[in-house]
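# Structural characterization, general
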Amino acid sequence: MSEHENSFFGPLADPAGDAGHPEDHPPRVGFFTDTSVCIGCKACEVACKEWNDVPADGFDLLGMSYDNTGSLGASTWRHVAFIEQDLRLGDQDSGLVGLPTGPSGTETTREVVAEALHDAGHRAGAELGTEPVDLGFPSFDLPGAGSGAETRTDFRWLMSSDVCKHCTHAACLDVCPTGALFRTEFGTVVVQPDICNGCGYCVSACPYGVIDRRPDDGRAWKCTMCYDRLKGGLEPACAKACPTDSIQFGVLDELRERADARLEQLHEAGVPEARLYGRDPDDGVGGDGAFFLLLDEPEVYGLPPDPVVTTRDLGSMWKHAAVAAGMMVAASAAVFVKGGRR
């Protein structure tokens, strides 16, 4: 393999160098999304749309919790998923165990409250510690918190901000016939809309179902990791806007080390189901430029469990096709030679 020849599978230390960028190019950058601290605020979605002038993708709730976008698409470069489960997150405590919810939850609490209110008379609100008061408003209690800890159900809300993975081996880039998709000096994958002819090959090639075409013009669009901001020394808009640092941007190798440390921390805290997704350079796409810390199976978040670059076998396929074509030519020549001897 030559110095800048593209490879289709396996670990690749320097995708930008493999694409032909000079040796002094910047280090590869990416996203590490820690879903354990995502609060579902959608600041990333808004920031992405504002900075990149991405058109609106609808405001109708889809019946999947507070999700109004459903998946990534040509006009949804960031998608925040909301997954409701009747499970507890590791050893987490809601902080309400043993505390009164509505009527006093324990005998001790009832006695303390009664004593404190003995001299309070019937001024407004004095009886709220011992008797429920129906104000006619909808309830905002936690699930199962109506009558105390003994009837409270386990519940957790998984949230995750999905994005293009900027794969080490990007099938969308491999199949693009016009060169509209290219590898930047930062190791990211970007679409040039002025070159895209709308063929759609990239759409079917993406193992994650990320890239898509807009119905109004037919061209393909996806996250650029704010390529214009990167060239100006700025972090992408989504990471800049994230209030909890769920979306972390930086040099990819450093992010992987940070993710390993965070995973160990969660395991020690009693969250054994925590796992990293897209971090391994030996996986089916050579590792992702945007990887995640998940709290459940990838399928729960709408992610493929074992993604493989769809052009992995492209080289061998061309070789087999060439051999088959050669055999057909040889057979045809043999027929003509044999026929000419009659």
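From a predicted model like this one, the values you see are computed outputs, not experimental measurements.

## Regarding the overall build of the protein chain
Across its full length, the protein chain holds 9 helices and 10 strands. Burial statistics for the protein chain: of 342 residues in total, 41% are counted as buried. In the protein chain, the proportion of contacts linking residues at least 24 apart, taken out of those at least 6 apart, comes to 65%. Summed over all atoms, the accessible surface of the protein chain reaches about 19000 Å², with 56% contributed by carbon and sulfur.

## Overview of the packing of aromatic side chains
On inspection of all chains with the given rule, the structure shows 7 aromatic pairs. Aromatic side chains Phe32 and Phe291 sit 5.2 Å apart centroid to centroid with 20° between the ring planes, which places their arrangement in the stacked category. Here Phe32, found in strand β1 (residues 29–34), pairs with Phe291, found in strand β10 (residues 290–294); they are 259 residues apart in sequence, far enough to count as distant. Side by side, Phe32 and Phe291 carry an identical accessibility label, which is buried. For the ring pair Phe186 and Tyr227, a centre distance of 6.3 Å and an interplane angle of 75° mean the geometry is edge-to-face. You can see Phe186 sitting in the loop between β4 (181–183) and β5 (189–191) and its partner Tyr227 sitting in helix α6 (residues 227–231), a full 41 residues away along the chain. Relative accessible area serves as the criterion here: at 15%, Tyr227 is assigned to the buried category. Within the aromatic cluster, the residues linked to one another by ring pairs are Tyr66, Phe82 and Trp157. Taking NZ or CZ as reference, Arg78 lies 4.8 Å from the ring centre of Phe31, over its face.

## Here we look at helix α2 (residues 43–52)
Within α2, burial applies to Cys44, Glu45, Ala47 and Cys48. Elements in contact with the buried residues of α2: β2 (79–85), β3 (156–162), α7 (237–241) and β8 (247–251). Count one or two residues on from α2 and you reach Asp53, which has phi positive near 55°.

## Quick notes on the pairing of β10
Each regular strand carries side chains that alternate between the two faces of the sheet. Burial of β10 is extensive: 5 of the 5 residues sit out of reach of the surface. Alternating positions in β10 separate into two faces, Ala290, Phe292 and Leu294 on one and Phe291 and Leu293 on the other, with burial throughout. Across 4 bridges, β1 lies against β10 in parallel orientation. Note on β10: the bridge partner recorded for Asp34 is Leu293. Pairing of strand β9 (residues 275–277) with β10 involves 3 bridges; the strand directions are antiparallel.

## Structural notes on the pattern of salt bridges
Scanning all chains against the criterion turns up 9 salt bridges. A salt bridge links Lys49 to Asp57; its shortest N-O distance comes to 3.4 Å. Look at Asp57 and you get partly exposed, because its relative accessible area is 28%. Several salt bridges share partner residues, and in doing so they unite Arg156, Glu273 and Asp296 into one network.

## With respect to the confidence of the model for the protein chain
Here the protein chain shows a mean pLDDT of 81. Residues at 70 or above account for 73%. Looking across the protein chain, the model is least confident in helix α3 (residues 107–116), with a mean pLDDT of 52, and most confident in β1, with 98. Scored below 50 in pLDDT, residues 1–6 shows 9 contacts in the model against residues more than four places distant or in partner chains.

## So, a nonpolar patch on the surface
Together, Leu61, Tyr66, Phe155 and Trp157 make up an exposed nonpolar region whose accessible area comes to about 420 Å². Of note, Tyr66 is situated in the loop between α2 and β2.

## Points about the side chain of Thr224
Among the secondary structure elements, Thr224 is positioned in the loop between β7 (220–221) and α6. Within the structure, Thr224 has its side chain in polar contact with the backbone nitrogen of Cys226 (distance 3.2 Å). Aside from chain neighbours lying at most four places away, what touches Thr224 is Asn52, Trp77, His166, Thr188 and Val190.

## Considering unusual backbone geometry
Non-glycine residue Asp53 carries a positive phi angle of around 55°. Inspection of the secondary structure assignment puts Asp53 in the loop between α2 and β2. A relative accessible area of 66% places Asp53 in the exposed class. One non-glycine residue, Met225, lies in positive phi territory at about 55°. Judged by its relative accessible area of 1%, Met225 falls in the buried class.

## Comments concerning helix α8 (residues 252–268)
End to end, α8 covers 25 Å across 17 residues, agreeing with the expected 24 Å (1.5 Å per residue, within 8%). Residues of α8 that are buried: Leu252, Leu255, Arg256, Ala259, Arg262, Leu263 and Leu266. For α8, the angular spread of buried residues about the axis comes to 125°, placing them on one side. Those residues of α8 that are exposed and aimed more than 90 degrees away from the buried face are Asp253, Glu257 and Glu268. Just downstream of α8, Gly270 is the residue with a positive phi angle, here 90°.

Thresholds applied
- Residues numbered from 1 in each chain as written.
- Predicted model: local features only at pLDDT ≥ 70, side-chain atom pairs only at ≥ 80, totals over all residues.
- Heavy atoms only, no water.
- Helix = DSSP H or I, 4+ residues; strand = E, 2+ residues; numbered from the N terminus.
- Buried < 20%, exposed > 50% of the residue type's maximum accessible area, 1.4 Å probe, protein only.
- Contact = heavy atoms within 4.5 Å.
- Areas by Shrake-Rupley, 256 points an atom, 1.4 Å probe, with all protein chains shown as cover.
- Phe/Tyr/Trp six-rings, centres within 6.5 Å; stacked < 30°, edge-to-face > 60°.
- Lys NZ or Arg CZ within 6 Å of the ring centre and 35° of its normal.
- Pairing = 2+ DSSP bridges.
- Salt bridge = Lys/Arg side-chain N within 4 Å of Asp/Glu carboxyl O.
- pLDDT = per-residue confidence, 0-100.
- Patch = residues over 30% accessible without salt bridge, like charges linked within 9 Å, V, L, I, M, F, W, Y side chains within 5 Å.
- Polar contact = N/O pair within 3.5 Å; in protein donor to acceptor, adjacent residues only side chain to side chain.
- Expected span 1.5 Å × (residues − 1).
- Arc of directions from axis to C-beta.

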